[in-house]
Amino acid sequence: MPAPLKVAILGCGVVGTQVARRLTEHADELASRVGTPLELVGIAVRDVAQPREGVTGTPLADLLTQDAESLVAGADVVVELMGGIEPARSLILRAIEGGASVVTANKALLAQDGPTLYAAADAAGVDLYFEAAVAGAIPIVRPVRESLAGDQVQRVLGIVNGTTNYVLDRMATDGLELEQAVKEAQTLGYAEADPTADVEGHDAAAKAAILASLAFHTRVALDDVACEGISAVTADDVAWAQRTGHTIKLLAIAERNAHDGVTGIQVRVHPALVPSDHPLAGVRGAFNAVFVEAEAAGELMFYGRGAGGAPTSSAVLGDLVSVARHRVLGGRGPVESSYAALPVLPALAARTRFQVRLAVEDRPGVLAQVAAALAEHGVSIEAVRQVAYPVPAGDGDALALLLITTHAAQESALAATVTALTDLDAVREVVSVLRVEGA
Ligand SMILES: NC(=O)C1=CN([C@@H]2O[C@H](COP(=O)(O)OP(=O)(O)OC[C@H]3O[C@@H](n4cnc5c(N)ncnc54)[C@H](O)[C@@H]3O)[C@@H](O)[C@H]2O)C=CC1
Ligand SMILES: N[C@@H](CC=O)C(=O)O
Ligand code: NA
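Reading the values: the criteria
- Residues numbered from 1 in each chain as written.
- Chains lettered and ligands numbered in written order.
- Predicted model: local features only at pLDDT ≥ 70, side-chain atom pairs only at ≥ 80, totals over all residues.
- Heavy atoms only, no water.
- UniProt positions renumbered as here; feature names shortened; annotations may be inferred.
- Helix = DSSP H or I, 4+ residues; strand = E, 2+ residues; numbered from the N terminus.
- Expected span 1.5 Å × (residues − 1).
- Buried < 20%, exposed > 50% of the residue type's maximum accessible area, 1.4 Å probe, protein only.
- Pairing = 2+ DSSP bridges.
- Right-handed = clockwise from strand over helix to strand, strands pointing away.
- Near = heavy atom within 4 Å.
- Polar contact = N/O pair within 3.5 Å; in protein donor to acceptor, adjacent residues only side chain to side chain.
- Areas by Shrake-Rupley, 256 points an atom, 1.4 Å probe, with all protein chains shown as cover.
- Nonpolar A, V, L, I, M, F, W, Y, C, P; charged D, E, K, R; others polar.
- Domains from an automatic or database assignment.

An unreviewed UniProt entry lists the protein under the name Homoserine dehydrogenase, from Cellulomonas fulva. The Cofactor (unreviewed entry) field of the UniProt record for the protein holds the comment "a metal cation". Under the Sequence similarities (unreviewed entry) heading, UniProt states for the protein: "Belongs to the homoserine dehydrogenase family."

### Quick word on helix α12 (residues 309-329)
In this model α12 runs 30 Å from its N-terminal to its C-terminal C-alpha over 21 residues, within 8% of the 30 Å that 1.5 Å per residue would give. Of the residues flanking the end of α12, it is Gly-330, one or two places downstream, whose phi is positive at about 95°.

### Let's talk about the pairing of strand β4 (residues 77-80)
Residues Val-77 and Val-79 point to one face of β4 and Val-78 and Glu-80 to the other, with burial holding for every one of them. Sheet analysis places strand β1 (residues 5-10) next to β4, joined by four bridges and oriented parallel. Within β4, the residue paired with Ile-9 across the bridge is Val-79. Handedness of the β-α-β unit built from β4, helix α4 (residues 88-97) and strand β5 (residues 101-104) comes out right-handed.

### Here's the deal with the site of ligand 1
If you check the shell around ligand 1, you find 23 residues, and the closest are Cys-12, Val-15, Lys-107, Glu-192 and Gly-308. Gly-13 places a main-chain nitrogen or oxygen 3.2 Å from an oxygen atom of ligand 1. The separation between an oxygen atom of ligand 1 and a polar side-chain atom of Lys-107 is 3.2 Å. Considered on its own, ligand 1 offers 830 Å² of accessible surface; in the complex 85% of this is hidden by protein. Residues that form the shell around ligand 1 fall into these classes: 12 nonpolar, seven polar and four charged. Each of domain 1 (5-139 + 309-329) and domain 2 (141-305) contributes no fewer than three residues to the shell around ligand 1.

### Looking at the site of ligand 2
Every residue near ligand 2 is listed here: Lys-107, Asn-161, Gly-162, Thr-163, Tyr-190, Ala-191, Glu-192, Asp-198, Asp-203, Lys-207, Gly-306 and Ala-307. Asn-161 has a polar side-chain atom sitting 3.4 Å from an oxygen atom of ligand 2. Within the contact set of ligand 2, an oxygen atom lies 2.7 Å away from a side-chain nitrogen or oxygen of Lys-207. If ligand 2 stood free it would expose 250 Å²; the protein chains cover 94% of that surface. For the shell around ligand 2, the secondary structure elements donating two or more residues are α7 (162-174) and α10 (202-216). Residue classes in the shell around ligand 2 are distributed as three nonpolar, four polar and five charged.

Structure follows, in structure tokens:
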């Protein structure tokens with residue numbers, strides 16, 4: 001049997017603890033699968049004295065170190081589970097330059113600086129694996145990067161953030177406030193170190209950028225993703241979604257499209273109304289689901305736990321076994337594929353259906369004015385529903401709530417329509433504008 005491989009873990013938080021534990025508990029089986037033992041040589045943390053559940057009082061505690069640089073220098077494989085940009089970026093680059101293979105779950109870093117990491121890995125001839133960076137335990141990076149390498153992907157659509165899915169689910173089923181549900185997601189180990197990254201859609205946008213890069217063989221960075229989070233989603237939005245047979249989900253969408261004669265891709269993250277009988281509506285809690293549509297394969301669906309220490313450790317350990325096998329047997333896994341270099345089309349060129357809620361004066365001619373404003377911008381109405389709307393104190397006029405669902409319209413046309421509606425005297429408020437997907 002070849003010499004054991006020295007494995008260094010950077011970070012001993014929600015994911016790092018689970019990876020370290022499983023790596024030691026299943027050492028014999030992992031050694032058989034790799035062809036040589038994986039020797040955990042250290043775990044880098046900020047503060048070795050801090051008590052850690054599952055680590056303090058166990059043999060893992062003896063492996064903790066604050067000297068991440070020395071740890072990286074002596075490793076064959078570095079598993080980065082610290083998160084954030086620095087020092088994770090410098091440590092990964094140092095590991096690669098020193099000839100170590102790298103496994104990381106760091107989507108923020110990959111979406112910001114993936115090409116630099118790929119280039120360094122190429123130059124050093126080592127592996128860079130990151131299955132855990134997208135949709136936790138779900139195998140999605142490997143299927144897109146390898147299984148679909150012979151097909152033409154047209155669209156990737158899904159729920160890729162466990163925290164926001166958990167939050168929206170708790171708001172819909174238990175009437176929880178957003179802040180309370182976010183706290184629960186933090187306690188359960190789903191949220192990022194700063195949960196704003198989840199709530200504002202940045203985490204999902206990073207994952208969308210990674211998936212789009214792999215699916216379309218094009219470099220897509222975080223800044224290329226049009227991103228809207230769930231902080232503006234109200235309890236009222238959730239209730240109206242249910243009343244109209246929908247569920248609100250934070251979706252990540254990457255698709256091949258044509259605009260002004262140019263073929264390119266659009267990548268966006270935003271909350272959307274999904275029909276309650278659509279498979280995505282049934283994705284509960286911190287689960288994720290990703291649909292991939294490819295020319296020959298047709299539609300594929302990937303579903304599973306998108307966050308949490310144990311599920312994420314499964315993806316990390318799978319990568320660890322792969323890169324370790326390469327070190328034993330020779331060869332490397334897939335490298336960056338960005339030959340297609342498709343342009344990223346403007347977000348305002350995307351086409352979607354919308355549901356608009358308007359508080360309007362309840363008098364003759366108002367509906368006609370509203371319909372004219374939509375028609376003027378080429379937005380076609382699919383359905384309109386009107387219900388009574390509570391009149392604000394001190395305002396004697398009767399009000400109505402108009403619920404308008406449109407046919408597919410361009411984002412730019414819808415934005416111009418909303419401005420025109422806001423300017424109408426008869427419109428008291430544009431209460432909400434939500435995209436409708438999956439119908
Ligand atoms: N928690 C989850 O469900 C998932 C997390 N991820 C990713 O995995 C990575 C780790 O996430 P968590 O374990 O949840 O984070 P965490 O915040 O629970 O753990 C981070 C660990 O890194 C250590 N660390 C941070 N900065 C350090 C520094 N400068 N020097 C030394 N140690 C440092 C901390 O002490 C802590 O032990 C992140 O990139 C995250 O985005 C990916 C998929 C799911
Ligand atoms: N914070 C992330 C963790 C997994 O990537 C999420 O909630 O999905
Ligand atoms: Na994954």
